[in-house]
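What follows is each chain in one-letter form.
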Amino acid sequence: AQTVTQSQPEMSVQEAETVTLSCTYDTSESDYYLFWYKQPPSRQMILVIRQEAYKQQNATENRFSVNFQKAAKSFSLKISDSQLGDAAMYFCAYVNTGNQFYFGTGTSLTVIP
Amino acid sequence: DVKVTQSSRYLVKRTGEKVFLECVQDMDHENMFWYRQDPGLGLRLIYFSYDVKMKEKGDIPEGYSVSREKKERFSLILESASTNQTSMYLCASSFYRYEQYFGPGTRLTVT
């Protein structure tokens with residue numbers, strides 16, 4: 001069975017600093033996608049970044065980057081130059097060849113001014 | 001701009017009522033999903049649909065049913081609402097395994 005684990009229920013970061021959110025997953029498949037989603041308070045869930053398992057290069061989107069370690073089944077999100085608007089709940093997600101998505105329990109990120 | 005809409009942001013219903021939650025997407029996506037979001041539990045899949053009139057049970061289908069008569073619309077039905085179904089309900093759609101697009105959510109309270 002596929003599972004996604006986020007072991008940090010809460011994290012905090014000083015504005016302008018860097019923070020890393022952790023995610024591990026369990027799967028026997030070799031072909032899958034991984035995602036980080038952001039859910040600001042009382043707002044819609046949006047995609048932050050996507051990583052295809054067949055790609056060795058880590059995905060980056062502006063201040064957001066991932067450290068994808070396929071053998072270790074680890075997929076962490078690094079946020080550089082943290083901004084107040086980055087405060088949100090962050091969810092790690094996995095999708096398999098059956099188009100079924102699995103989500104972690106989320107990490108609540110606080111940005112301290 | 002892609003859009004997933006849900007019929008209500010907030011809903012209050014009484015125990016035993018039949019509840020309909022509607023979701024519409026304008027992206028011609030094959031896949032649509034209903035999740036339940038509770039603090040500390042993340043998103044749990046209730047049902048998903050990969051085509052019109054097709055559906056698959058997720059992790060927590062008990063007490064729920066779904067309907068997909070048209071590609072753009074996916075409805076979640078609580079046959080007889082109970083207090084333990086008080087939650088945030090999120091609808092999403094996707095094109096195959098590419099990213100999901102989410103609706104704003106419906107916060108349902110059952111009293």
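Note that the structure is a prediction, hence the values are computed from the model and not measured.

So, about the overall build of chain A. Check the secondary structure of chain A and you find zero helices and 12 strands. Taken along its principal axes, the extent of the C-alpha atoms in chain A is 40 × 30 × 20 Å. A fraction of 54% describes how many contacts in chain A between residues 6 or more apart in sequence connect residues 24 or more apart. Accessible surface, chain A: about 5500 Å² in total, of which carbon and sulfur atoms supply 44%. Here chain A holds 8 positive side-chain charges and 10 negative ones, and the gap between their average locations is 4 Å.

Okay, the side chain of Ser75 of chain B next. Assignment of secondary structure puts Ser75 of chain B in strand E8 (residues 73–78). With residues near it in sequence (within four places) discarded, Ser75 of chain B still touches Leu21, Glu22, Trp34, Ser65, Val66 and Ser67 of chain B.

This brings us to the interface of chain B and chain A. How big an interface is tends to be stated in terms of the accessible area lost upon association of its parts. If you look at the interface, chain B gives 23 residues, while chain A gives 22 residues. Counting the surface lost from both chain B and chain A, the interface buries some 1800 Å², and carbon and sulfur atoms represent 53% of this. Per-residue buried area on chain B facing chain A is highest for Arg97, Glu99 and Phe102 of chain B; these three make up 38% of the total on that side. If you look at where chain B meets chain A, you find two salt bridges. Secondary structure elements with two or more residues in the side of chain B that touches chain A: strand E4 (31–38), strand E5 (42–51) and strand E9 (87–94) of chain B. Looking at the side of chain B that touches chain A, its residues break down into 12 nonpolar, eight polar and three charged.

With that out of the way, let us pick up the state of the cysteines. Across all of its chains, the model carries two disulfides over all chains by this definition. Residue Cys23 of chain A pairs covalently with Cys92 of chain A via a disulfide, S to S 2.0 Å. In this structure, the disulfide formed by Cys23 of chain A and Cys92 of chain A twists by about -70° around the S-S bond and is classed as left-handed. Here Cys23 of chain A is found in the loop between strand E3 (19–21) and strand E4 (24–26), whereas its partner Cys92 of chain A is found in strand E10 (residues 88–95), with 69 residues between them in sequence. Residue classification places Cys23 of chain A among the buried residues on the basis of a relative accessible area of 2%. The class for Cys92 of chain A is buried, based on a relative accessible area of 0%. Here Cys23 of chain B pairs with Cys91 of chain B through a disulfide, and the sulfurs are 1.8 Å apart.

This part covers the pattern of salt bridges. A complete count under the given rule lists 13 salt bridges over all chains for this structure. The salt bridge partner of Arg50 of chain A is Glu52 of chain A, with a shortest N-O separation of 3.4 Å. Arg50 of chain A gets classed as partly exposed once you look at its relative accessible area, which sits at 26%. When its relative accessible area of 9% is taken as the criterion, Glu52 of chain A is described as buried. When the shortest N-O distance is used, the salt bridge between Asp38 of chain B and Arg44 of chain B registers 2.8 Å. A relative accessible area of 13% means that Asp38 of chain B is categorised as buried. We classify Arg44 of chain B as partly exposed; its relative accessible area is 24%. Bridged by salt links that share partners, the residues Arg50, Glu52 and Lys55 of chain A together with Glu99 of chain B form one connected network.

What counts and what doesn't
Residues numbered from 1 in each chain as written. Chains lettered and ligands numbered in written order. Predicted model: local features only at pLDDT ≥ 70, side-chain atom pairs only at ≥ 80, totals over all residues. Heavy atoms only, no water. Helix = DSSP H or I, 4+ residues; strand = E, 2+ residues; numbered from the N terminus. Contact = heavy atoms within 4.5 Å. Areas by Shrake-Rupley, 256 points an atom, 1.4 Å probe, with all protein chains shown as cover. Lys, Arg positive; Asp, Glu negative; His and termini not counted. Charge placed at Lys NZ, Arg CZ, Asp CG, Glu CD. Buried area = accessible area lost by both parts, 1.4 Å probe. Salt bridge = Lys/Arg side-chain N within 4 Å of Asp/Glu carboxyl O. Nonpolar A, V, L, I, M, F, W, Y, C, P; charged D, E, K, R; others polar. Disulfide = S-S within 2.5 Å. Buried < 20%, exposed > 50% of the residue type's maximum accessible area, 1.4 Å probe, protein only.

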